[in-house]
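The residues making up each chain are set out below.
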Protein chains: 2
Amino acid sequence: MAISNIRYGEGVTKEVGMDLQNLGARRVCLMTDKNLSQLPPVNAVLNSLAKYGINFQMYDNVRVEPTDQSFLDAIEFAKKGEFDAYVAVGGGSVIDTCKAANLYASSPTSDFLDYVNAPIGKGKPVTVPLKPLVAVPTTAGTGSETTGVAIFDFKELKVKTGIASRAIKPTLGIIDPLHTLSMPERIVANSGFDVLCHALESYTALPYNMRSPCPSNPINRPAYQGSNPISDVWALHALRIVAKYLKRAIRNPEDREARANMHLASAFAGIGFGNAGVHLCHGMSYPISGLVKTYKPKDYNVDHSLVPHGLSVVLTSPAVFAFTAQIHPERHLEAAEILGADIRTARIKDAGFILADTLRKFLFDLNVDDGLAAIGYSKADIPALVKGTLPQARVTKLSPRPQTEEDLSALFEASMKLY
Amino acid sequence: MAISNIRYGEGVTKEVGMDLQNLGARRVCLMTDKNLSQLPPVNAVLNSLAKYGINFQMYDNVRVEPTDQSFLDAIEFAKKGEFDAYVAVGGGSVIDTCKAANLYASSPTSDFLDYVNAPIGKGKPVTVPLKPLVAVPTTAGTGSETTGVAIFDFKELKVKTGIASRAIKPTLGIIDPLHTLSMPERIVANSGFDVLCHALESYTALPYNMRSPCPSNPINRPAYQGSNPISDVWALHALRIVAKYLKRAIRNPEDREARANMHLASAFAGIGFGNAGVHLCHGMSYPISGLVKTYKPKDYNVDHSLVPHGLSVVLTSPAVFAFTAQIHPERHLEAAEILGADIRTARIKDAGFILADTLRKFLFDLNVDDGLAAIGYSKADIPALVKGTLPQARVTKLSPRPQTEEDLSALFEASMKLY
Ligand SMILES: NC(=O)c1ccc[n+]([C@@H]2O[C@H](COP(=O)([O-])OP(=O)(O)OC[C@H]3O[C@@H](n4cnc5c(N)ncnc54)[C@H](O)[C@@H]3O)[C@@H](O)[C@H]2O)c1
Ligand SMILES: NC(=O)c1ccc[n+]([C@@H]2O[C@H](COP(=O)([O-])OP(=O)(O)OC[C@H]3O[C@@H](n4cnc5c(N)ncnc54)[C@H](O)[C@@H]3O)[C@@H](O)[C@H]2O)c1
Ligand SMILES: [Fe+2]
Ligand SMILES: [Fe+2]
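Analysis parameters
In this numbering scheme, every chain counts its residues from 1 along its sequence in written order. To read the labels, note that chains go from A and ligands from 1, taken in the order they are written. Given that the model is predicted, a residue must reach a pLDDT of at least 70 before its local features are reported, and side-chain atom pairs must reach 80 or more before they are shown or counted; all residues, however, enter totals for whole chains, interfaces and linings. Here the side-chain values reflect all heavy atoms present in the structure, with hydrogen atoms and water set aside. UniProt positions are given in the numbering used here, feature names are shortened, and annotations may be inferred rather than shown by experiment. Strands here mean DSSP runs of E at least two residues long; helices mean DSSP runs of H or I at least four residues long; both are numbered from the N terminus. The buried label applies to any residue whose accessible area, calculated with a 1.4 Å probe on protein chains only, is under 20% of its type's maximum; exposed applies above 50%, and partly exposed to all values in between. By the criterion applied in these results, polar contacts are pairs of N or O atoms within 3.5 Å in which, for protein atoms, one can donate a hydrogen and the other can accept it, and in which residues neighboring in sequence qualify only through two side-chain atoms. For helices, the fitted axis covers only the stretch in contact; all axes are lines through C-alpha atoms, and the angles between them, taken along N-to-C directions, range from 0 to 180 degrees. Angle categories are assigned with fixed cut-offs, so that under 35 degrees is roughly parallel, over 145 is roughly antiparallel, 65 to 115 is roughly perpendicular, and the rest are oblique. We call a crossing left-handed when the near helix sits turned anticlockwise from the far one by less than a right angle, and right-handed when that turn is clockwise. By definition in these notes, contact holds between two residues if any of their heavy atoms fall within 4.5 Å. The classification used treats Ala, Val, Leu, Ile, Met, Phe, Trp, Tyr, Cys and Pro as nonpolar, Asp, Glu, Lys and Arg as charged, and all other residues, Gly among them, as polar. If even one non-hydrogen atom of a residue comes within 4 Å of a molecule or strand, that residue is called near it. What marks off one domain from the next here is an automatic or database domain assignment. Buried area is understood as the total, over both parts, of accessible area removed when two parts are fitted together, assessed with a 1.4 Å probe. Here a salt bridge means any side-chain nitrogen of Lys or Arg lying within 4 Å of a carboxyl oxygen belonging to Asp or Glu. Water is not part of the atom set, so a site may look incomplete; the donors themselves are N, O and S atoms within 2.8 Å of the metal, or 3.2 Å for Na, K and Ca. By the criteria applied here, four donors are tetrahedral when all angles lie between 85 and 135 degrees, four are square planar and six octahedral when opposite donors are over 155 degrees apart and every other angle lies between 65 and 115, and any other arrangement is irregular. Superposition of the copies was done by least squares, using only C-alpha atoms of residues whose pLDDT is at least 70 in both. For the area figures, the Shrake-Rupley method with a 1.4 Å probe applies, and any residue is considered shielded solely by the protein chains shown.

In the annotation of an unreviewed UniProt entry, chain A is listed under the name Hydroxyacid-oxoacid transhydrogenase, mitochondrial and assigned to Charadrius vociferus. Per UniProt, the comment on chain A under Sequence similarities (unreviewed entry) is "Belongs to the iron-containing alcohol dehydrogenase family. Hydroxyacid-oxoacid transhydrogenase subfamily." Under the UniProt heading Subcellular location (unreviewed entry), the note attached to chain A is "Mitochondrion".

Printed below as a string of structure tokens:
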């Protein structure tokens, strides 16, 4: 497995100009979103670029929860700019958009579908060299600074999909916990739920040696290899941090220790799931986000309706882990214990129920919307949600327990109401 | 921090021929030592090379505990061979020799001292591109498959030193626990002690944000950055595996679970110390190995006297951690607890004593020689041992507690007898 370069520490962003100098950059593309362009993280990067005399152009048109069109806009900007390095300052939306811009600007004759995951796109392997990309995460969520994944919403198809290749993994991730201090409450919560699900899903994913088919040539093996002894270390460690710090980080913007720990946990979980993969919560989240109706989450300073990624994954988590637990009940029970359940008298066959219950309590405590119904879905939407999950086989096949369409229906139904 | 690529699994060595094909290799250098050239690990690699029709030359002249001369011999072979890829099959001695051969064959006009650590060598940064190196570890010890370090014994100076650069880190590490099954008892023990000390030293090393000087340009920062939240994860995890499995792995060659876990722990601890660094046990071990008199360890199929690296680091460990504990007593106590000490009624100020005592019991149980005296040193050797430690500032300065020459003397003296 491959793991990114990261630098961690309060204030390390001030060195980003030097990093770009070291990379020999002469024309840098700085990507962010409109909201962040007014906030301290972007400011810190701008100061460093100025200090080291780095020539750059800024693109702040990234869409929160990107779409094919918003990717294409960024790609066009990148192609025109003929940049020799990229800096992405933001959450997963910004970092993912920047990965796509770098990829297609480095492979200018490719069709957009060429690199999009099959079966939606062609899933071609990337063979062109990309420019260096420095990622400066500002949420504590996606771990996108450590992964070779870029996710977007394919508008016509009303489904989220992505690009997955080791080639688009950032050259350097700068994890500066100061950037988390400006996050409003719901952004901390929703991006934190993403960390929670990355950890839980990668820890319970199909083991690497049970995955099939297993291409005989290592070069053809997917980035998502199934759970393994190395990703397990990251997943469990991230889960312990989430258990200890997520509530504190959400409730108190001044709790630097909690916010810094969640910022690291996001990268840890990213390293874990970037190698092991995620499964049903993520596979089912893509239609939940893609089919959004009118839901507008609190604290998101944007003008379109959206279901934040972290919320879209966590709402199905109680149902999902109740469903998967029959395969690795001891891992599900261990996760429940880490999240605070008292398992001294627990029976192993109740592992799924116990983890689901623990997750429901966790979410209730944090005022999370009461299931898919609360964000605008009803039973009538289930067939469309199931249909949107089917093309996500790249991740859903990593579920430890195989699932039929009926199973998926039942999981969506069980997630309509949580409490 | 940067982390290597590794592939893990029983039997994964059979793919090494395909990896070389994927790397476009046409002339491969296979390095190993004379003992291993007759054993299953090399056999498995030869079979795979044959299966994929890889053109290669074998060099089995690696010295166990390499010297400047044995490095130079390997370098000469590499220069003549004009190889485009390397495969190292063996313990740290083989992998380190192969790193050096790759480096100097890729930089043919360099003087040997150019890349050797200062102050012994010039410590120049590596700017030439190297060829791909696939490392196949056969001990459960050095973690060299994950590090940018190559250690050798500088004969004239009677001191061990090395080369440290991210550039020499292997391209791919193949961790195939089947290879550990042929290790005799003392090789499991001594290489396991190396894992133990990598974990303990990197966990207790000076924290990354207290290290000085801290070069303002990240490119000039040393590979050994001090303990940090990421290396801590690896160090603790490796230590837990050592506590659970090392004794079993030593005592029972058939205990595949224990040997496989130690094989992984070696890589985990390598990732940890490769980023955080090691400190006094390692700094003091270099003269302990370099000044060897007539000691010939059991189970080592070689004709020269040597102090195996793992033994040379572990013999001072009780004294070292008793000395360093006053700086991070809680970490020392935590380590003692992981290694089996009952700390329920322990006082924090006794942390060093408790960890030292735990280590002594651990070593006694495993029939380790009773201190430096048992491997041929006496009080009269202490000045030379101290003198040999002084040039190791690259590592000793990572000790959480600074040390005078008198302190070093006292540490060697306290390590003469353990039980
Ligand atoms: N690449 C991957 O590996 C990966 C993994 C999981 C999710 N994702 C994708 O990432 C996206 C979600 O990313 P996210 O959860 O990081 O959020 P985001 O990037 O969508 O940002 C959410 C909102 O938070 C604001 N924000 C971000 N940082 C802030 C800060 N420090 N202070 C104030 N406001 C701030 C943004 O301006 C935005 O309005 C989704 O598209 C999701 O599918 C990618
Ligand atoms: N590069 C690094 O990061 C790093 C770290 C620590 C130590 N080191 C160095 O590594 C060297 C020590 O390496 P080591 O402890 O791995 O041992 P080693 O390579 O010196 O090998 C020791 C002995 O074990 C034999 N052996 C190895 N694998 C075997 C197997 N599977 N079956 C049977 N016999 C086997 C070898 O033939 C040899 O005789 C020292 O020079 C040390 O300084 C390097
Ligand atoms: Fe996610
Ligand atoms: Fe070592």
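Residue and element names in this part refer to chain A. Mapped onto the elements of the fold, N301 is located in the loop between α8 (280-290) and α9 (309-314). The exposure class of N301 is exposed, given its relative accessible area of 58%. C-alpha of N301 to C-alpha of S110: the two residues are 191 residues apart in sequence and 34 Å apart in space. At a separation of 3.0 Å, a polar atom in the side chain of N301 contacts the side chain of N35.

To continue, consider the packing of helix α8 (residues 280-290) of chain B against helix α10 (residues 317-324) of chain B. Residue and element names in this part refer to chain B. Two numbers describe how α8 lies on α10: the axes approach to 10 Å, and their chain directions differ by 140°. With respect to α10, the element α8 is oriented oblique. For the crossing formed where α8 meets α10, the hand is right-handed. Contact residues: α8 offers L280, C281 and M284, while α10 offers S317, V320, F321, F323 and T324. Class assignment for the residues of the contact of α8 with α10 results in 6 nonpolar, 2 polar and no charged.

Residues and elements named next belong to chain A. Contacts to ligand 1 come from 31 residues, most closely from G92, S93, T138, T139 and T147. Take M183: an N or O atom from its main chain is 3.4 Å from a nitrogen atom of ligand 1. Only α4 (92-106), β6 (149-154) and α5 (185-204) provide two or more residues apiece to the shell around ligand 1. Taken together, the residues of the shell around ligand 1 break down into 11 nonpolar, 14 polar and 6 charged. The residue makeup of the shell around ligand 1 includes at least three contributed by each of domain 1 (5-179) and domain 2 (184-414).

At the junction of the two partners, chain A supplies 26 residues and chain B supplies 26 residues. Between chain A and chain B the total buried area reaches about 2300 Å² when both faces are included, carbon and sulfur atoms providing 63% of it. Its largest share of buried area at the contact with chain B, chain A owes to A:N22, A:I230 and A:V233, together 20% of the area lost on that side. In this structure, the connection of chain A to chain B is made through 0 salt bridges.

Okay, the coordination of the iron ion (ligand 4) next. Looking at the iron ion (ligand 4), the protein donor atoms are B:D194 (OD), B:H198 (NE2), B:H282 (NE2) and B:H309 (NE2), and they sit 2.1 to 2.2 Å from it. Coordination at the iron ion (ligand 4) is irregular, judged from the 4 donor atoms that bind it and the angles of 83 to 169° they form at the metal.

Once turned by 180° and shifted 0.0 Å along the axis, chain A lies on chain B with an RMSD of 0.0 Å. When the rotation and shift are considered jointly, the pair of chain copies conforms to a two-fold rotation axis. The fraction of interface residues of chain A whose copies in chain B are also interface residues reaches 100%, indicating that both copies meet through the same surface.

A few words now on the domain arrangement of chain A. Residue and element names in this part refer to chain A. Taken domain by domain, chain A consists of domain 1 (5-179) and domain 2 (184-414). Between the C-alpha centres of domain 1 and domain 2 the distance comes to 24 Å. Buried area between domain 1 and domain 2, summed over both chains or domains, comes out near 2800 Å², and the portion from carbon and sulfur atoms is 60%. Considering only the side of domain 1, the residues that lose the most area to domain 2 are A140, K160 and R166, jointly responsible for 19% of the buried surface there. Viewed at the interface, domain 2 and domain 1 are joined by 1 salt bridge.

This brings us to the UniProt feature "domain: Alcohol dehydrogenase iron-type/glycerol dehydrogenase GldA" (unreviewed entry) in chain A. The UniProt entry lists residues 5-177 of chain A under the feature "domain: Alcohol dehydrogenase iron-type/glycerol dehydrogenase GldA" (unreviewed entry), expressed in the numbering used here. The annotated region residues 5-177 of chain A carries 28% helix and 25% strand content, and the separation between its end C-alpha atoms amounts to 17 Å.

Here the focus is the site of ligand 2. All names here are of chain B. Not every one of the 31 residues close to ligand 2 is listed here, only the nearest: G92, S93, T138, T139 and T147. N35 has a polar side-chain atom sitting 2.9 Å from an oxygen atom of ligand 2. Burial of ligand 2 by the protein amounts to 97% of the accessible area it has alone, namely 870 Å². Elements with a contribution of two residues or more to the shell around ligand 2: α4 (92-106), β6 (149-154) and α5 (185-204). When residues are assigned to domains, the shell around ligand 2 turns out to be shared by domain 1 (5-179) and domain 2 (184-414), each giving three or more.

A word on the coordination of the iron ion (ligand 3). All names here are of chain A. At the metal site, the iron ion (ligand 3) is ligated by D194 (OD), H198 (NE2), H282 (NE2) and H309 (NE2), and these contacts range over 2.1 to 2.2 Å. In this structure, the iron ion (ligand 3) is coordinated by 4 donor atoms arranged in irregular fashion, with angles at the metal of 84 to 169°. In primary-sequence terms, the residues that donate to the iron ion (ligand 3) follow D-x3-H-x83-H-x26-H. In this pair, H198 sits in helix α5 while H309 sits in helix α9, placing the two residues 111 residues apart along the sequence. Neither H198 nor H309 differs from the other in exposure class; each is buried.

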